[in-house]
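Notes for the structure review
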Amino acid sequence: MTSMPRGRFTDSVRRDERGAALMIVLITLVGLTALGAAGLTMTTGDIRHSENVEASTEAFYAADAGLQQYMGANAVGDHLRWKAIPDTFNIGSSEVIVTPTLVSNLLGREPMYMVRSVATHTEVGVTTTRAVSALGLDVSVAFVATAAIASGTGLHKNGGSGTIDGVDDAPTNAFCPTGAGPDVAGVATPPAGYDQVGGSSVPNGTPDIDDAEDGLTLLRKTGIDWEYLTTEDSYKDYDIGSDTWPNFATLPASEFPVIYMDGDVAVNAGKSGRGMLIVRGDLDLNGSFSWEGVILVGGAFVSGGANTVEGATISGLNLLLGESVGDSDLGNGNKTFQYNSCNVERSMEQLRKNQKLTGLAPVPGSWMEEI
């Protein structure tokens, strides 16, 4: 048997070992590469997850900020009545769209809106959307005019002459850009509360005569806070007694002041004007007295001349204070009580400005995140 020389055997083994070492190195490199790739994938995933979380968080805070900004922008101001329209805000890298939707509009109550804020956040190719919402009350509605003349007690009229009309005759102009609105009743009284002696029935509107509810319910539906109006002072432009009657000839045409008169009062042509006239007791309208706006009377009113009111008149409001009130009387003659939503709105706008209150008031506990 011929044996291989020792030197050759050793060299052969070494060559074989060098081949094994190379395979081990290659396998190790492949393993390390796979581990590195896996680690890189995990790191990339973690980074992407972190970016998604960050974008989602940014969108959430932007949506909430947009909601608060929308509510705040419509909470206090001296602008015309808040309009229920969407608005868009840019907050950081997010675009926020806030949309109000009417959910309740009970007569005599503030309209309620669901206000939804949707934020879209885009950063490093990542786009995330979050949404929050809350309820808001439209406190820009001071009260609701339900008729050309509304009386919590009865309303008497002699003859078929004159005008009592709930068809809105508001014009379209710079002061009234939206023009006429929905029509109201000609007269609103308790059941069988309108009494006319002689001639064809005068009231006209939708309906002509609304006498479906008792006096208290009728007055409460207007939403008038009569206790506030008769006890607080801050909302008044003129408190007759301590203030003199405004000179309407020198006031800007855009000014519709709030005027308060305590006790039983009488007005004549020299007191003609515009705005909101609030009388704590009874009111006598004499001569050719004319008014553009709102007349609120705690007691009864008597129309003793060729009066003209273009807006809305409400009497008997002392019923809301538990006091007794007599019937109102239009008497004889050619009188005009014409509903005009623009004059009503401009009068209420001044009241809201004086109260420093308009727009939306958040409803506590209604905030929620939409999932």
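Residues numbered from 1 in each chain as written. Predicted model: local features only at pLDDT ≥ 70, side-chain atom pairs only at ≥ 80, totals over all residues. Heavy atoms only, no water.

**Structural notes on the overall build of the protein chain**
Helix and strand counts for the protein chain stand at four helices and 23 strands. Taken across its 371 residues, the protein chain has 42% of its residues classed as buried. Excluding contacts between residues fewer than 6 apart, the proportion of contacts in the protein chain whose partners are at least 24 apart in sequence is 58%. In the form shown here, the protein chain has an accessible surface area of approximately 18,500 Å², with 55% of it arising from carbon and sulfur atoms. (Helix = DSSP H or I, 4+ residues; strand = E, 2+ residues; numbered from the N terminus. Buried < 20%, exposed > 50% of the residue type's maximum accessible area, 1.4 Å probe, protein only. Contact = heavy atoms within 4.5 Å. Areas by Shrake-Rupley, 256 points an atom, 1.4 Å probe, with all protein chains shown as cover.)

**Digging into helix α2 (residues 215-222)**
Within the span of α2, buried status applies to Gly215, Leu218, Leu219 and Thr222. For α2, the angular spread of the buried residues around the axis is 90°, confining them to a single face. Against β5 (147-151), β8 (185-188) and β19 (308-315) lie the buried residues of α2. Looking one or two residues beyond α2, the residue adopting positive phi is Gly223, at roughly 80°. (Arc of directions from axis to C-beta.)

**Topic: the state of the cysteines**
For the structure on display, the rule yields one disulfide. Shown here is the disulfide that connects Cys176 with Cys342, its sulfur atoms set 1.5 Å apart. In this structure, the disulfide formed by Cys176 and Cys342 twists by about -70° around the S-S bond and is classed as left-handed. In this pair, Cys176 sits in the loop between β7 (163-165) and β8 while Cys342 sits in helix α4 (residues 341-355), placing the two residues 166 residues apart along the sequence. (Disulfide = S-S within 2.5 Å.)

**Details of the pairing of strand β1 (residues 87-91)**
In this structure, β1 lies alongside strand β2 (residues 94-104), joined through five bridges in antiparallel fashion. By the bridge assignment, Phe89 is partnered in β2 with Val96. Linking β1 to β2, which pair antiparallel, is a turn of two residues; within it Gly92 sits at a positive phi near 60°. (Pairing = 2+ DSSP bridges.)

**Topic: the environment of Asp165**
Position of Asp165 relative to the elements: it lies in strand β7. In sequence terms Asp165 and Val184 are 19 residues apart; their C-alpha atoms lie 8.5 Å from each other. Ignoring anything within four residues of it in the chain, the contact list for Asp165 reads Ala148, Asn204, Phe337, Gln338 and Tyr339.

**Considering the nonpolar core**
Counting residues in hydrophobic clusters, the biggest one holds 53 residues, and the most contacted among them are Met276, Leu277, Ile278, Leu283, Leu296 and Phe301. Broken down by element, this core gets its largest block of residues, five residues, from strand β17 (residues 290-297). Once you skip the residues sitting within four places of it in the chain, Leu296 turns out to touch Phe143, Ile224, Trp226, Leu229, Met276, Leu277, Ile278, Val279, Ile314 and Leu317. Core analysis: the second largest hydrophobic core is formed by 15 residues, Phe60, Met71, Val98 and Ala119 among them. (Core = buried A, V, L, I, M, F, W, Y, C linked by side-chain atoms within 4.5 Å.)

**Section: the pairing of strand β9 (residues 194-197)**
As a general feature of sheets, a regular strand has side chains that alternate between the two faces. Alternating residues of β9 divide into Tyr194 and Gln196, all buried, and Asp195 and Val197, none buried. Here strand β6 (residues 155-158) runs beside β9; their pairing, made up of four bridges, is parallel. Paired with Lys157 across the strands is Gln196, a residue of β9.

**Details of the packing of aromatic side chains**
Across all of its chains, the model carries seven aromatic pairs by this definition. Look at Phe289 and Trp291: their rings are 5.9 Å apart centre to centre, the planes differ by 15°, and that puts the pair in the stacked class. Both residues of the pair, Phe289 and Trp291, count as buried. Through a chain of ring-to-ring contacts, three or more aromatic side chains come together here, namely Trp245, Phe248, Phe289 and Trp291. (Phe/Tyr/Trp six-rings, centres within 6.5 Å; stacked < 30°, edge-to-face > 60°.)

**A short note on the confidence of the model for the protein chain**
Taken over all residues, the pLDDT of the protein chain has a mean of 85, while the share at 70 or more is 81%. Confidence scores differ between elements of the protein chain, with helix α1 (residues 6-73) showing the lowest mean pLDDT of 68 and strand β10 (residues 203-204) the highest of 98. Contacts of residues 75-81 to residues separated by more than four positions or lying in other chains number 18 contacts, the stretch itself having pLDDT below 50. (pLDDT = per-residue confidence, 0-100.)

**Looking at the side chain of Thr230**
When you line up the elements, Thr230 lands in helix α3 (residues 226-231). Among the polar contacts listed, one links the side chain of Thr230 to the backbone oxygen of Glu227, at a separation of 3.2 Å. In this structure Thr230 touches Tyr235, Tyr260, Arg280 and Leu321, once residues within four positions along its chain are discounted. (Polar contact = N/O pair within 3.5 Å; in protein donor to acceptor, adjacent residues only side chain to side chain.)

**Examining the environment of Gly154**
Residue placement: Gly154 occurs in the loop between β5 and β6. On the basis of relative accessible area, Gly154 is assigned to the buried category, the value being 7%. A C-alpha to C-alpha distance of 9.5 Å links Gly154 and Val325, two positions 171 residues apart in sequence. Here Gly154 is in contact with Gly193, Asp327 and Ser328, once residues within four sequence places are set aside.

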